[in-house]
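Close look at the chain arrangement
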Amino acid sequence: MHLVRRSAIPRSCESCGSVGLREISRSGSVRVFVAVSTRCFAELDFWQALDRIRDLEFDRVEIWLDENGALKPSALAADPDEFTRRLREQTRLSPIAFTFAQDVGEETFKTICRIAKSLRVTQFVVPASPLGTPFNLEIDRLRKLVSMASTEGIRLAIKTQAGHLTADAYTAVELCQAVDKLGIAFDPSYFLQPKTSDQIMEMVAPYTLHCHLRDSTAQQVQVLVGLGEIDYSSLVDKLNRAQYTRALSIEILPEFIEIAQRPLELRKLRMLLESLL
């Protein structure tokens, strides 16, 4: 039986908000902003990826951590002071989140929490466990991660994605209901079935702490901007009604689009999203 309550914004998500990730408008109100993930240039050296993002005139960046990629969480934890120093000296981009491609050890996670605190980053995104993992085991794992992150003032969100427990949006919401202060990093690319996509957006919005966006169809998780089926206007409207005031982070999957095409795709999607804010 599903435990989902669709009416009220969950207290857990209300309590873990922070102005640190938000943008203050001229009127003094807090509003949503557009960011981009370094995953968009995952095959490049991390610092080269930052240069590409800066050249595209983004000013906020989400940092992708992958043990098989350019920026390994183990390497980051091994020399946190050097990473922090170099990030501050080499770029004016503001980091707004760390996203983990896979689970990391407890000490590595704690060290990256401290790095995030020193950089004033208040959002982590972690993968849910693979499909088939017992629900209670996942609750225990997530409670431990939330506890470690909260100690440093960091919100934790689980990413919705295929092959994981969060492939089912109802399960993602139930995990948030079971784990205090846990939220969702919503990726609508995996929920484009015509009969259910709008309902899922409505249900997930109150629990959403972060968003990963690209253009997609029900058959292809990544397509060129303008050829997809995501109703960005509807998504932004539902997030606004849920009082969402955080990042819309563009996350192009590099394995599906040639690197020469990505700058144009990033510009197009940024312009589209900013036109809705």
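Coordinates for the structure precede this section.
Rules and cut-offs
- Residue positions are given per chain, counted from 1 along the sequence in the order it is written.
- For a predicted model such as this one, the threshold for reporting local features is a pLDDT of at least 70, and the threshold for listing and counting side-chain atom pairs is 80 or more; totals across whole chains, interfaces and linings nevertheless cover every residue.
- Excluding hydrogens and water, the side-chain figures rest on all heavy atoms present in the structure.
- Numbered from the N terminus, helices here are DSSP runs of H or I no shorter than four residues, and strands are runs of E no shorter than two.
- Throughout, a contact is declared for two residues whenever any of their heavy atoms are within 4.5 Å.
- With a 1.4 Å probe rolled over the protein chains alone, any residue whose accessible area is under 20% of its type maximum counts as buried; one over 50% counts as exposed, and the rest are partly exposed.
- The pairing criterion is simple: DSSP has to find at least two bridges between the two strands.
- Handedness is read with the strands pointing away from the viewer; a crossover is right-handed when the path from the first strand over the helix to the second is clockwise.
- Simply put, an axis is a line fit to the C-alpha atoms, just over the touching stretch for a helix, and the angle between two N-to-C directions goes from 0 to 180 degrees.
- Think of the arc as the fan of directions from the helix axis to the C-beta atoms.
- Nitrogen and oxygen atoms within 3.5 Å of one another constitute a polar contact, given that in protein one can donate a hydrogen and the other can accept it, and given that sequence-neighbouring residues count only through two side-chain atoms.
- Here, a salt bridge means any Lys or Arg side-chain nitrogen found within 4 Å of an Asp or Glu carboxyl oxygen.
- We call a set of buried Ala, Val, Leu, Ile, Met, Phe, Trp, Tyr and Cys residues a nonpolar core when their side-chain atoms join them within 4.5 Å.
- Each helix should span, by expectation, one fewer than its residue count multiplied by 1.5 Å.
- Working definition: a ring pair exists when centres of Phe, Tyr or Trp rings (six-membered ring for Trp) sit within 6.5 Å. Plane angles under 30 degrees give stacked, over 60 give edge-to-face, the rest tilted.

1. Looking at the side chain of Glu 251
Structurally, Glu 251 can be placed in the loop between strand 10 (247–250) and helix 10 (262–275). Residues within four places of Glu 251 in sequence aside, it is in contact with Ser 37, Arg 39, Cys 40, Trp 64, Lys 159, Asp 187, His 212, Leu 213, Arg 214 and Gln 222.

2. Some details on the pairing of strand 8 (residues 182–186)
Burial analysis of strand 8 places five of its five residues in the buried class, the great majority of the element. Residues Leu 182, Ile 184 and Phe 186 of strand 8 are buried on one face, and the alternating residues Gly 183 and Ala 185, pointing to the opposite face, are buried as well. With four bridges joining them, strand 7 (residues 155–159) and strand 8 adopt parallel strand pairing. What sits directly across from Ala 157, in strand 8, is Gly 183. The pairing of strand 8 with strand 9 (residues 208–213) spans three bridges and is parallel. The partner of Ala 185 across the bridge, within strand 9, is His 210. The handedness of the strand 8 to strand 9 crossover, carried by helix 8 (residues 197–204), is right-handed.

3. Here's the deal with the sheet that holds strand 10
Taken together, eight strands build a closed barrel; the order of strands is 3-4-5-6-7-8-9-10 and the barrel is parallel. Strand-to-strand, the axes of this sheet are offset by a mean angle of 30°, without reference to chain direction. Against the sheet, helix 5 (residues 106–119) engages strand 4 (60–65), strand 5 (94–100), strand 6 (123–127) and strand 7, with an angle of about 165° to strand 5.

4. Describing the environment of Val 36
Within the secondary structure, Val 36 is located in strand 3 (residues 33–37). Exposure remark for Val 36: the relative accessible area of 0% places this residue in the buried category.

5. Examining helix 2 (residues 46–55)
Taken as a whole, helix 2 has its buried residues at Phe 46, Trp 47, Ala 49, Leu 50 and Ile 53. Looking straight down helix 2, one finds its buried side chains confined to an arc of 155°; they lie on one side. On its buried face, helix 2 sits against strand 3, strand 4 and helix 4 (80–90). The backbone nitrogen of Trp 47 has a side-chain oxygen 2.9 Å away, supplied by the residue at the start of helix 2, namely Asp 45. Downstream of helix 2 by one or two residues, Glu 57 has phi in the positive range, about 70°.

6. Quick look at the pattern of salt bridges
Counted by the stated rule, this structure contains 20 salt bridges. Where Asp 55 meets Arg 54, a salt bridge forms, and the shortest distance between an N and an O atom there is 3.0 Å. When its relative accessible area of 42% is taken as the criterion, Arg 54 is described as partly exposed. Taking the shortest distance from any N to any O, the salt bridge between Glu 138 and Arg 141 comes out at 2.9 Å.

7. Describing unusual backbone geometry
Here the phi dihedral of Lys 181 falls at roughly 75°; this positive angle occurs in a residue that is not glycine. Here Lys 181 is to be found in the loop between helix 7 (169–178) and strand 8. Look at Lys 181 and you get partly exposed, because its relative accessible area is 34%. Of note in this structure, Gln 243 is not a glycine but carries a positive phi near 60°. Checked against the element boundaries, Gln 243 lands in the loop between helix 9 (232–241) and strand 10.

8. Some remarks on the nonpolar core
The biggest cluster of nonpolar side chains holds 76 residues, and the ones touching the most others in it are Phe 83, Phe 98, Phe 109 and Phe 124. Core analysis: the second largest hydrophobic core is formed by five residues, Phe 33, Ala 35, Ile 96 and Ala 97 among them.

9. Comments concerning helix 5
Taking 1.5 Å of rise per residue, 14 residues should cover 20 Å, and helix 5 covers 20 Å from first to last C-alpha, within 8% of that figure. For helix 5, the complete set of buried residues consists of Thr 108, Phe 109, Thr 111, Ile 112, Cys 113, Ile 115, Ala 116 and Leu 119. Positive phi shows up at Arg 120, right after helix 5, with a value of about 65°.

10. Details of the packing of aromatic side chains
With the rule as written, the count across this model stands at eight aromatic pairs. Taking 5.9 Å as the distance between ring centres and 40° as the angle between the ring planes, the aromatic pair formed by Phe 46 and Phe 83 counts as tilted. With a gap of 37 residues between them, Phe 46 in helix 2 and Phe 83 in helix 4 connect regions that are remote in the sequence. Judged on exposure class, the residue Phe 46 and its partner Phe 83 are both buried. Between Phe 100 and Phe 124, the aromatic rings sit 5.3 Å apart at their centres with planes inclined by 65°, giving edge-to-face as the arrangement. With Phe 100 in strand 5 and Phe 124 in strand 6, this residue pair connects regions lying 24 residues apart in the sequence. Summarising the burial analysis for this pair, Phe 100 and Phe 124 share the class buried.

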